Amino acid sequence: MAVTWYPGHMHKAQKQIKEVMPQVDLVIEVMDARIPFSSENPAVKTLRGPRPCLKVLNKSDLADPVITTQWLNYYSQQEGVRALALNTTRKGEARKILNLCREMVPLRAQRGEPVRTMIMGIPNVGKSTLINALAGRAIAKVGDEPAVTKQQQRISLGNGIVLSDTPGILWPRMENENSGYRLAVTGAIKNAAISFEDVALYAVEFLLQHYPEALKSRYRLEELPIAAMDFLEVIGRKRGCLRAGGVLDLHKVSEILLKELRSGKLGGVSLETPAVFDEEKVTERPSESV
Ligand code: G4P
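The shown structure was predicted, so the numbers you read here are calculated from the model rather than taken from an experiment. (Residues numbered from 1 in each chain as written. Predicted model: local features only at pLDDT ≥ 70, side-chain atom pairs only at ≥ 80, totals over all residues. Heavy atoms only, no water.)

Asker: An account of empty space enclosed by the protein is requested, with residue identities and associated values reported.
Answerer: The tally for this structure, following the rule as stated, stands at one cavity of 30 Å³ or more. Taken as a whole, the largest cavity encloses approximately 60 Å³ of empty space. Elements with a minimum of two residues in the lining of the largest cavity: helix H7 (177–186) and helix H11 (250–262). The residue makeup of the lining of the largest cavity, split by class, is five nonpolar, one polar and two charged. (1 Å grid on protein atoms, 1.4 Å probe; cavity = no way out; pocket = protein on both sides within 12 Å on 5 of 7 lines; lining within 4 Å. Points joined across faces, edges and corners; volume = space filled by probe spheres on them. Helix = DSSP H or I, 4+ residues; strand = E, 2+ residues; numbered from the N terminus. Nonpolar A, V, L, I, M, F, W, Y, C, P; charged D, E, K, R; others polar.)

Printed below as a string of structure tokens:
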């Protein structure tokens, strides 16, 4: 279930996370490797204070590996931050983070005290999947409720790491228009404010510019049309997305394109690079970053 965020929700989420933070040694922030900028919540930095943060670039199986490496380098230069790319749906992969967690809080590990960790992130980045994979059983509550529940339980993951069973759920970047589109392209938000067709057109425009070979190969095209709409027309006709009278069914072809992109049928596609991050971050209004 998608969460609709409004200021009251955001305030409540922050307050609840602040309350549990004194019992947390390390924050594990889950992001979508295809859109690290748009799936990151700047409030995490304020909420975690001096605690170290492990940034998990999740769904890396769907991202462009070259760009994921750029992001890993980018984050590893930030103080108190380590970054790791994961495909949480692959068995055993999630447990890679355990050694890193110990390394990042050496004092507690040396004293023989458990490292207390908490997973945070916006909806749909894979927080519950990660919790369940780490725990080795389905414990994360299904359904997105903002922030954390009061009845947090701690589970021991072995190796001296404990994890809160409920993630801190934060809101996605709200006011950057490109972020809204990119979140919609990846399926992180199902936002009625952006029509499905517009999302597909945004995706095609991006792919024509950055991943033309992936489009040619997936849709068996020698040449690509220049305009996004023309491209959808071409593949709509190829896939039989037509209404009576041979008119293109734009909704249907948009659905096909987005489904194939989201499931990795076009190969690894990343919608943001660290350069885009720097560029768009400075143009954001200050109110967005808390
Ligand atoms: P959340 O708690 O952060 O809200 O996310 P959740 O774990 O529910 O995961 C959201 C969707 O992402 C799930 O798919 C899950 O299987 C998928 N997912 C999580 N980690 C990975 C990953 O590393 N790689 C890939 N490819 N997928 C991952 P779903 O239940 O099918 O939901 P949806 O995609 O239909 O929304």
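Asker: Can you tell me about the packing of aromatic side chains, naming the residues and giving the values?
Answerer: For the structure on display, the rule yields six aromatic pairs. Judged by centre distance (5.5 Å) and plane angle (25 degrees), the rings of Trp71 and Tyr75 are stacked. Remark: Tyr75 and Trp71 occur in helix H3 (residues 65–76); sequence separation between them is four residues, near one turn of the helix. This pair shows no difference in class: Trp71 is buried, exactly as Tyr75 is. (Phe/Tyr/Trp six-rings, centres within 6.5 Å; stacked < 30°, edge-to-face > 60°. Buried < 20%, exposed > 50% of the residue type's maximum accessible area, 1.4 Å probe, protein only.)

Asker: Kindly report on the site of the ligand, identifying the contributing residues and their values.
Answerer: Not every one of the 17 residues close to the ligand is listed here, only the nearest: Thr88, Asn124, Lys127, Ser128 and Thr129. Val125 places a main-chain nitrogen or oxygen 3.2 Å from an oxygen atom of the ligand. Relative to its unbound accessible surface of 720 Å², the ligand loses 64% to contact with the protein. In terms of residue count, helix H6 (residues 127–135) provides more of the shell around the ligand than any other element does, three residues in total. (Near = heavy atom within 4 Å. Polar contact = N/O pair within 3.5 Å; in protein donor to acceptor, adjacent residues only side chain to side chain. Areas by Shrake-Rupley, 256 points an atom, 1.4 Å probe, with all protein chains shown as cover.)

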